[in-house]
Amino acid sequence: MITRNDIQRLIGTDVYADDGDKIGSAGQVYLDNKTGNPEWVSVKTGLFGTKESFVPLDGARLSGDRLEVPYAKSQVRKAPHVDVDDDLSPGQEEELYRYYGRAAGNDRPAGDTDRNTDTTSDTVTDAGRDDTRDRSGDNAMTRSEERLVADTRTERAGTARLRKYVVTEEQQVTVPVTREEVTLDREPITDANAGNALDGPAITESEHEVTLHAERPVVETEAVPVERVRLGKQTVTDEETVSGEVRKEQIDLDGPEDRNRSNR
């Protein structure tokens, strides 16, 4: 059972559903006017905790640094909207009890009028104050204000893929080639070649030919591996500025001569 001694532990504690799913964090605690025990807690949900839903503390339990409630995450987030800045009216409390299928005030039926008709519940804020109805007798009043708490979430930003395709380009290479050319060699008649020179008729007509050869460049292609390419990922850290609205309390003093002084 959650008691008044657990209030400081409740505020800011992570709230979990009965299936272990995290719902949000505890915001404000509402006290029963008759018993002074915690009866409701507002749970901050949504991005940056911008939405608050009421959850009854009957059946909830503190386990270490977490508050476990016997409700599903979706049920809490869809609870009837009630302004957390105001006290719960009997009608609002009855509507919430009907929504969660529970009886009001533990043993009393929902909608019982045995409550303070001005304020059904006292409120304890995030800073742990009992407002001006603090039962401890302390004359001090705590002023609280909200702070922006930024967080991040991972989203899909895009995809990258490798694609291989073929392009054609012109290349030039230099190839050495050889060719045969005809030459005319003249040599005088000597004793060494006189026999060949005088072999045959003295005066006659004749022809003699030789075959000439030349190389021509031939171009072919072959595929050779040149490199390996693969996709990788790296994390780059940037800074972005986010903004949001925050609330803060202000305390005014009404003096005996209707003079107002503010502590901001």
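Every chain's residues receive numbers from 1 upward, in the order its sequence appears when written. Residue-level local features of this predicted model are given only where pLDDT is at least 70; pairs of side-chain atoms are given and counted only at 80 or more, and the full residue set underlies all totals for whole chains, interfaces and linings. To get the side-chain values, all heavy atoms of the structure are used, and hydrogens and water are removed first.

*Asks:* A description of the overall build of the protein should follow, citing residues and the corresponding values.
*Replies:* Secondary structure counts use DSSP, requiring at least four H or I residues in a row for a helix and at least two E residues in a row for a strand, with both numbered from the N terminus. Summing up its helical and strand segments, the protein has 4 helices and 9 strands in all. Secondary structure elements of the protein, listed N to C terminal, follow the sequence α-β-β-β-β-β-β-α-α-β-α-β-β. Only protein chains enter the accessibility calculation, which uses a 1.4 Å probe. A residue is then buried if its area is under 20% of the maximum for its type, exposed if over 50%, and partly exposed in between. Across the 264 residues that make up the protein, the buried fraction comes to 25%. Contacts were defined at the residue level, with two residues in contact if any of their heavy atoms lie within 4.5 Å. At a minimum sequence separation of 6, the contacts of the protein that also span at least 24 residues come to 59%.

*Asks:* Residue-level account of the environment of K233, with values.
*Replies:* Relative to the helices and strands, K233 is located in the loop between α4 (194–197) and β8 (251–254). Accessibility expressed as a relative area gives 85% for K233, which makes it exposed. Between the C-alpha atom of K233 and that of A160, which follows or precedes it by 73 residues, the distance is 9.9 Å.

*Asks:* So, the environment of V182: which residues are in play, and what are the values?
*Replies:* Of note, V182 is situated in the loop between β7 (121–124) and α4. By relative accessible area, V182 is classed as exposed at 59%. Once you skip the residues sitting within four places of it in the chain, V182 turns out to touch V210 and L212.

*Asks:* I'd love a proper account of the pairing of strand β3 (residues 38–45), names of residues and values included.
*Replies:* Judged by how many residues are buried, β3 sits mostly within the fold: 7 of 8 residues are covered. Taken together, the 5 bridges between strand β2 (residues 22–32) and β3 define a ladder with antiparallel strand orientation. Across the sheet, residue A26 finds its bridge partner in β3, namely V43. Here, any two strands with at least 2 DSSP bridges between them count as paired. What sits between the antiparallel neighbours β2 and β3 is a turn of 5 residues, in which G36 has the positive phi angle 75°. Pairing of β3 with strand β4 (residues 51–56), which is carried by 6 bridges, proceeds in the antiparallel orientation. Each bridged residue has a counterpart across the sheet, and for W40 the counterpart in β4 is P56.

*Asks:* Describe in detail the packing of aromatic side chains, supporting the description with residues and values.
*Replies:* Two aromatic rings, drawn from Phe, Tyr or Trp (for Trp, its six-membered ring), form a pair once their centres lie within 6.5 Å of each other, and the interplanar angle then sorts them: stacked below 30 degrees, edge-to-face above 60, tilted otherwise. For the structure shown, the criterion picks out 4 aromatic pairs. Aromatic ring contacts, followed pair by pair, group Y71, Y99 and Y100 into a single cluster. Lysine NZ or arginine CZ positioned within 6 Å of the ring centre and within 35 degrees of the ring normal marks a charge as sitting over the ring. If you follow R66 out to its NZ or CZ, it ends over the ring of Y16, 3.6 Å from the centre.

*Asks:* Hey, could you go over the side chain of S42 for me, with residue numbers and the actual values?
*Replies:* Residue position: S42 is located in strand β3. A 3.5 Å cut-off defines polar contacts: any pair of N or O atoms within that distance qualifies, except that in protein one atom must be a possible hydrogen donor and the other a possible acceptor, and neighbouring residues in sequence count only when both atoms are side-chain atoms. Only 2.7 Å separates the side chain of S42 from the backbone nitrogen of Q28, close enough to count as a polar contact. Engagement of the side chain of S42 in a polar contact is seen with the side chain of E52, the distance being 2.7 Å. With residues up to four places along the chain from it excluded, the contact list for S42 reads S25, A26, G27, Q28, E52, S53, F54 and V84.

*Asks:* Describe the pattern of salt bridges, and please don't skip the residues or the numbers.
*Replies:* Basic side-chain nitrogens of Lys or Arg form a salt bridge, by our definition, when they fall within 4 Å of a carboxyl oxygen of Asp or Glu. Under the definition given, this model contains 8 salt bridges. The partner of E68 in a salt bridge is R66, with the nearest N and O atoms 3.5 Å apart. Accessibility expressed as a relative area gives 24% for R66, which makes it partly exposed. Measuring nitrogen to oxygen at the nearest pair gives 3.4 Å for the salt bridge that ties R143 to E145. Residue classification places R143 among the partly exposed residues on the basis of a relative accessible area of 30%.

*Asks:* Report on a nonpolar patch on the surface, specifying residues and quantitative values.
*Replies:* Together, L162, V229 and L231 make up a nonpolar patch on the protein surface, roughly 300 Å² of accessible area in all. Among the structural elements, L162 can be located in the loop between β7 and α4. Nonpolar side chains (Val, Leu, Ile, Met, Phe, Trp, Tyr) are joined into patches within 5 Å and like charges within 9 Å, using only residues with over 30% relative accessible area and no salt bridge. To be clear on the numbers: accessible area is Shrake-Rupley with a 1.4 Å probe, and residue cover counts the displayed protein chains and nothing else.

*Asks:* How would you explain the confidence of the model for the protein if you had to name every residue and give the values?
*Replies:* For every residue, the predictor reports its confidence as pLDDT, a number between 0 and 100. In this model, the protein carries an average pLDDT of 79, and 81% of its residues clear a pLDDT of 70 or more. Mean pLDDT across the elements of the protein ranges from a minimum in β7, with 44, to a maximum in strand β1 (residues 14–16), with 92. The model gives residues 106–137 a pLDDT under 50, and that stretch makes 82 contacts with residues more than four places away or in other chains. Counting interchain partners and residues more than four positions distant, the pLDDT-below-50 stretch residues 258–264 has 14 contacts.

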